[in-house]
Amino acid sequence: MRRIDRILLAISQHHPGRVDLRAARLAPELGVEAFDVLALKRGGASTAVSHARVDGAALRVVVDGQAQALSPGLFPDELENTWVMRRGQPAQVLAEAAERIGAGLLLAAAHAGPRLPSWVRSSRNVELLRACGMPVLLVQGEARYDYRTVVVACDFSRAALASARIAALLAPRARFVFVHACALPEEAMMRELELPPRVIRAGREHACAVARRRLEDFVRLFLEEVAVPVCEAGLGRPHAVIADCARRHGADLLVLGRGALHPGAWLSCSNVMQRLVDEAPCDLLIGPGRQGGDCDRRLAA
């Protein structure tokens, strides 16, 4: 199984302590004792960055690739000297830093969605995912306890599989629920033919049962590290089925495979990730980007 050795925390002045607490709870599960912490301040076309490295009780500041220990009694001028200017927006600067240090997981506070519709302007969350290719955990609220219920959206792709395996690392003792949104293309024709409601209902139940069996086979075949998962299938729009499942089970963490992130993807009504990234009812884990160009290929169960 893939191992996460380095974690990068993106600290936001608007959400103090949110990312830190979640990282502290994840560290024992991952066996990670050191963190890289990046504080960002947007300033026009540039971004002010302060990079610190925390290893136990030791605190070092990283400036131009050189780590310098900070004294126990910090003075204001000493802290001011830790800020450097980088060209680009925060998402781009954060992605470059994550690649430079070889981070296996990025933790960031989730931002509220834009006031304008998503097809007019993407959110900061989407901009971050577009820039960063490593797994990203968007933290919604205060981490009062470890993850207890994890809902994984599964479309039988390699991207969904990679995301589920990372979730198993982050929450090895959590209850896992796998959900698949399916469709019944014949339903429109059945209604057009004015078939009895019981016939339509039987068709919907059969489609869900077939999808659930396929999902159970998929999890059993490819995700042996997840013990006794719950598998569900629902008919409807994928983002609505997934969000409803997360709410019903009181999920602490929602897991999605990485979808399309090109600018034109905003206009896609079928892009589940972009529909949920600003509307998730809990913390959201997005898996890694394309690996070898086949993350979107389906795996036969």
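These numbers come from a predicted model, not from an experiment.

Enquirer: In this structure, what is going on with the pairing of strand S10 (residues 175-182)? I would like to understand it.
Expert: On a regular strand, each side chain points to the face opposite its neighbour's, so the side chains alternate between the two faces of the sheet. Within S10, 6 of the 8 residues are buried, which leaves it mostly tucked inside the rest of the structure. Bridge count between strand S9 (residues 149-153) and S10: 5 bridges; the pairing is parallel. Of the residues in S10, the one forming a bridge with Val151 is Val177. This β-α-β element, S9 to helix H5 (residues 158-170) to S10, shows right-handed connectivity. Bridging between S10 and strand S11 (residues 230-235) involves 6 bridges; their strand directions are parallel.

Enquirer: When you look at the pattern of salt bridges in this model, what are you seeing that I'm missing?
Expert: When the charged atoms of two side chains with opposite charge come close together, those side chains can pair. Inspection of every chain in the model, using the stated rule, returns 9 salt bridges. Residue Asp36 pairs with Arg53 through a salt bridge whose shortest N-O separation is 2.9 Å. With Asp36 in strand S2 (residues 34-43) and Arg53 in strand S3 (residues 46-55), this residue pair connects regions lying 17 residues apart in the sequence. Shared partners join several salt bridges into a network, and the residues in it are Arg6, Asp36 and Arg53.

Enquirer: In this structure, what is going on with the side chain of His249? I would like to understand it.
Expert: Within the element layout of this structure, His249 appears in the loop between helix H8 (238-248) and strand S12 (253-256). Engagement of the side chain of His249 in a polar contact is seen with the side chain of Glu232, the distance being 2.7 Å. Leaving out residues up to four positions away in the same chain, His249 has contacts with Thr149, Arg175, Val177 and Glu232.

Enquirer: Where do I start with helix H3 (residues 90-101) in this structure?
Expert: Helical periodicity: at 3.6 residues per turn, an α-helix aligns residues three or four positions apart in one direction. With 12 residues, H3 ought to run about 16 Å at 1.5 Å a step, and its terminal C-alpha atoms sit 17 Å apart, in line with that. Within the span of H3, buried status applies to Pro90, Ala91, Val93, Leu94, Ala95, Ala97, Ala98 and Ile101. Packing partners of the buried residues in H3 comprise strand S1 (7-11), S2, S3, strand S6 (83-87), strand S7 (105-109) and helix H4 (124-131). Looking one or two residues beyond H3, the residue adopting positive phi is Gly102, at roughly 70 degrees.

Enquirer: Is there a simple way to explain the packing of H3 against H4 in this structure?
Expert: The description of two helices packed together rests on the angle between their axes and the distance between the axes. Between H3 and H4, the least distance of the axes is 8 Å, while the angle of their chain directions is 35 degrees. Crossing hand, H3 versus H4: right-handed. Two secondary-structure elements touch here, H3 through Ala91, Gln92, Leu94 and Ala95 and H4 through Glu127, Leu128 and Ala131. Residues belonging to the contact of H3 with H4 are distributed by class as follows: 5 nonpolar, 1 polar and 1 charged.

Enquirer: Help me understand the pairing of S2, please; the structure alone is not making it clear to me.
Expert: As defined by bridge partners, S1 adjoins S2 across 5 bridges and the pair is classed as parallel. Counted as the bridge partner of Ala10 is Leu38 from S2. The pairing of S2 with S3 spans 10 bridges and is classified as antiparallel. The residue of S3 that forms the bridge with Lys41 is Ala48. Connecting S2 to the next strand, S3, in antiparallel fashion are 2 residues, including Gly44 with a positive phi near 70 degrees.

Cut-offs and rules
- Residues numbered from 1 in each chain as written.
- Predicted model: local features only at pLDDT ≥ 70, side-chain atom pairs only at ≥ 80, totals over all residues.
- Heavy atoms only, no water.
- Buried < 20%, exposed > 50% of the residue type's maximum accessible area, 1.4 Å probe, protein only.
- Helix = DSSP H or I, 4+ residues; strand = E, 2+ residues; numbered from the N terminus.
- Pairing = 2+ DSSP bridges.
- Right-handed = clockwise from strand over helix to strand, strands pointing away.
- Salt bridge = Lys/Arg side-chain N within 4 Å of Asp/Glu carboxyl O.
- Polar contact = N/O pair within 3.5 Å; in protein donor to acceptor, adjacent residues only side chain to side chain.
- Contact = heavy atoms within 4.5 Å.
- Expected span 1.5 Å × (residues − 1).
- Axes fitted to C-alpha atoms, helices over the stretch in contact; angles between N-to-C directions.
- Left-handed = near helix turned anticlockwise from the far one by under 90°.
- Nonpolar A, V, L, I, M, F, W, Y, C, P; charged D, E, K, R; others polar.

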